[in-house]
Amino acid sequence: MISLKKVKYSYSGRLAVEDVSIHFASDERAAVMGANGSGKSTLALLIKGLLTPDEGNILIDGLPTGEINPGKIGFVFQNPENQLVGATVEREIAFGLENAGMERRKMIKRVDEILEQFGLERYRKHPPHKLSGGQKQMLALAAVMVLQPQWLILDEPSSLLDSAAKSDFLHLIFNIHPKTGIIFITQDALEASVFPRLIIMNQGRIFYDGGFDSFFKEHDALNQAGIEPPVRFALEQRLAV
Amino acid sequence: MRIKLDKVTYTYPHSRYPALDNVSISFEENGFVSLIGPIGSGKSTLLTTLMGLVIPGSGRVYVDGSVMPKRGKELREHRRKAGMVFQFPEMQIFESTALREVMFGLRNFEFPADEIEERAFSALDMVGLPPHQFAGRPPFEMSGGEKRRLALASILALRPEFLLLDEPTAGLDARGKILLKDILGQYQTGGGSVILVTHDLDLAAELCRRVVIMSDGRILYDGSREVFYDFFMMKKSRLRPPELVLAWENFRMEKKVPNRRVYSISEALAGITNSL
């Protein structure tokens, strides 16, 4: 369980997150949307423990973020360049397992499995920086998921993927470890629509927390939060006016 | 300007598979072209080849009928004319103010001092960062969307004939996308041409009359945007048609609206009004 209570955070005087109280059950799957600068990424960094709240508190299974095993929450940044460090694709995936002290034979088997699941086998000897942007995003996810975190926080992790690859991406995060809790930040309403819970942030606050359809039928709320509805909704809304 | 690739093949070091495989294609100054395809299909490599950053393993690249220069002043001049905005360009911003950031490229290209200022101010204006408000602002105090537009201004200030854009809408919110479309519209009105690599096929359909589809380093299709209605071709390309096309086709079947093709929400609405 992740619990945030009256969390506030500012970047040198500029308020990024304010009065955020929210809970996520242990296997919850939630999408987070909001305009640029609405506080989504800050919220994600706070939960991961990479930022410390100015006010309020965050507990992961009852413990402050600084006291949990860092491997418990896997984090994928929007720009994969921010997290790829391995010399080759397979070494990138093995990196976390090596650090965790996994036995070599077991590790090789695990890396092979993940490469296959993510469609990266043919690139296993490639340096990550030679991959395309979309392949790097797949690799960043693979390198985090191989560690089987209890939670996945994904900050616009699929912005360089085509729609077919986006479906594969969602399929992977939902099915590789079905009990993993997921917090998925996205600008793509179509991606958000497959999550049972939608959270909208606006100017640092939680603006909406509920189901997908009911929010997207409210076009005043959409405009206020600066969110683009799926085309289907946009067309229906315009026709209804 | 005309850039032509003739049977170009390029394989990255350490790779067994070519990123570009016998590609022949040409781009002229004639508006917007979108370059689409599944991940790893060679789109970004093609873009960097057009800019002269990738030297083909075999085949030739011609600029206005002459072989693309490999080094020196001519190559620098080519890169000014074919300006590229990379994925997440805001990550490459390093100057202390927005104005200095835009002026950096202009100084590198040794424009006269008074022209540097004029170009930098007008580029900031064009991307919706009015100089009186933003010129002295440190980029790290700007929002993600503003930084993206600042990076775009740095290239637009060079007044390239071709603007090569690699996933310019990744991570942008609805407002950011609208602003970007406006900026590209202005650039086109000024006579510029755009080659747009994107996974946002709704954006490609709205902006680009010519569509190039790549797959496994090859050109699978090069023609009009009507291909977005060719579901067989889209499937073959491993692409999902634009959401607008899917929604419109559903709507058309349900309401028995006459067969016509639309590429933006406003065209769809006009189509509906006309058919009532």
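Caption draft 1: View of the overall build of chain B. When you go through chain B residue by residue, the secondary structure sums to eleven helices and ten strands. Scaling as 2.2 N^0.38, a compact globule of 276 residues should have a C-alpha radius of gyration of about 19 Å, and chain B matches this with 20 Å. Expressed along its principal axes, the backbone C-alpha trace of chain B runs to roughly 60 × 45 × 30 Å. A fraction of 63% describes how many contacts in chain B between residues 6 or more apart in sequence connect residues 24 or more apart. Carbon and sulfur atoms form 49% of the exposed surface of chain B, whose accessible area is close to 12500 Å².

Caption draft 2: Fine view of the interface of chain B and chain A. Counting residues at the interface gives 35 residues for chain B and 35 residues for chain A. Where chain B abuts chain A, roughly 3000 Å² becomes buried across the two surfaces, and 65% of that area is made up of carbon and sulfur atoms. Of all residues in chain B, the largest losses of buried area upon contact with chain A belong to B:Ile39, B:Phe88 and B:Asp173, amounting jointly to 20% of the total for that side. For the pair chain B and chain A, the number of links is one salt bridge. Mapped onto the side of chain B that touches chain A, the elements with two or more residues apiece are α7 (174-189), α10 (243-255) and α11 (265-275) of chain B. At five residues, α10(B) tops the list of elements feeding residues into the side of chain B that touches chain A.

Caption draft 3: Here's a closer look at the packing of helix α2 (residues 89-99) of chain A against helix α4 (residues 133-145) of chain A. Residues and elements named next belong to chain A. Between α2 and α4, whose axes approach to 7 Å, the crossing angle comes to 30°. Taken as axis vectors, α2 and α4 run roughly parallel relative to one another. Along this stretch, α2 crosses α4, giving a crossing that reads as right-handed. In this structure, α2 contributes Val89, Glu92 and Ile93 to the contact, and α4 contributes Leu139, Ala142 and Ala143.

Caption draft 4: How the structure looks around the pairing of strand β1 (residues 2-11) of chain A. Residues and elements named next belong to chain A. Strand direction decides the pairing type here: β1 and strand β4 (residues 55-60), joined by five bridges, are antiparallel. Across the sheet, serine 3 pairs through a bridge with leucine 59, a residue of β4. Examined bridge by bridge, β1 and strand β2 (residues 14-24) share seven bridges and lie antiparallel to one another. Across the sheet, residue tyrosine 11 finds its bridge partner in β2, namely arginine 14. Adjacent in sequence and paired antiparallel, β1 and β2 are bridged by two residues, among which serine 12 carries a positive phi angle near 25°.

Caption draft 5: Region of the structure containing the sheet that holds strand β10 (residues 205-210) of chain A. All names here are of chain A. Taken together, the six strands give an open sheet; going across it, the order is β6-β7-β8-β3-β9-β10, and neighbouring strands pair in mixed fashion. In this open sheet, the two strands that pair with only one neighbour each are β6 (73-76) and β10. For this sheet, the mean inter-axis angle between neighbouring strands, taken without regard to orientation, is 15°. Bridge count for strand β7 (residues 151-155) against strand β8 (residues 181-185) is five bridges, and the pairing is parallel.

Caption draft 6: Inspection of the environment of A:Ser193 at higher detail. Residues and elements named next belong to chain A. Within the element layout of this structure, serine 193 appears in the loop between α6 (189-192) and β9 (197-202). Exposure remark for serine 193: the relative accessible area of 31% places this residue in the partly exposed category. Expressed as a C-alpha distance, the spacing of serine 193 and aspartate 213, which sit 20 residues apart in the sequence, is 7.9 Å. From its side chain, serine 193 meets the backbone oxygen of leucine 190 in a polar contact 2.6 Å long.

Caption draft 7: Focus on the pattern of salt bridges. Residue and element names in this part refer to chain B. For the structure on display, the rule yields 29 salt bridges over all chains. A salt bridge links arginine 80 to glutamate 77; the nearest nitrogen and oxygen atoms lie 3.0 Å apart. Taken as a pair, arginine 80 and glutamate 77 lie in helix α2 (residues 72-81) at a separation of three residues, close to a single helical turn. Glutamate 77 gets classed as partly exposed once you look at its relative accessible area, which sits at 33%. With a closest N to O distance of 2.9 Å, arginine 210 and aspartate 222 form a salt bridge. Note that arginine 210 is positioned in strand β9 (residues 210-215) and aspartate 222 in strand β10 (residues 218-224), a separation of twelve residues in sequence. Under the relative-accessibility criterion, arginine 210 is labelled buried at 17%. On the basis of relative accessibility, which here comes to 39%, the residue aspartate 222 falls in the partly exposed class.

Cut-offs and rules
- Throughout, residues of each chain are indexed from 1 in the direction in which the sequence is written.
- Just so you know, chain letters begin at A and ligand numbers begin at 1, following the order they were written in.
- In view of the model being predicted, local features appear only for residues whose pLDDT reaches at least 70, and side-chain atom pairs are presented and counted only at 80 or more, with totals across whole chains, interfaces and linings using the full set of residues.
- As a rule here, side-chain values cover all heavy atoms of the structure and leave hydrogens and water aside.
- Elements are defined by DSSP. Helices are runs of H or I of four residues or more, strands are runs of E of two residues or more, and each kind is numbered from the N terminus.
- Throughout, radius of gyration means the C-alpha value; the globule benchmark is 2.2 Å times the number of residues raised to the power 0.38.
- Only heavy atoms enter the contact rule, under which two residues are in contact if any of them lie within 4.5 Å.
- Note on areas: Shrake-Rupley, 1.4 Å probe, and residue coverage restricted to the protein chains presented here.
- Buried area counts how much accessible surface, traced with a 1.4 Å probe, disappears from two parts once they are put together, with both parts' losses summed.
- Definition used for salt bridges: Asp or Glu carboxyl oxygen within 4 Å of a side-chain nitrogen of Lys or Arg.
- For helices, the axis comes from a line fit to the C-alpha atoms of the stretch in contact; other axes are also lines fit to C-alpha atoms, and the angle between any two N-to-C directions lies between 0 and 180 degrees.
- Reported orientations rely on four angle classes, namely roughly parallel under 35 degrees, roughly antiparallel over 145, roughly perpendicular from 65 to 115, and oblique for the rest.
- Each helix crossing is assigned a hand: it is left-handed if the near helix lies turned anticlockwise from the far helix by less than a right angle, otherwise right-handed if that turn is clockwise.
- Pairing between two strands is assigned when DSSP locates at least 2 bridges connecting them.
- Only protein chains enter the accessibility calculation, which uses a 1.4 Å probe. A residue is then buried if its area is under 20% of the maximum for its type, exposed if over 50%, and partly exposed in between.
- We define a polar contact as two N or O atoms separated by no more than 3.5 Å, with the added condition that, inside protein, one atom must be a possible hydrogen donor and the other a possible acceptor, whereas residues neighbouring each other in sequence contribute only through side-chain atom pairs.

Read these as spatial facts, not as claims about activity.
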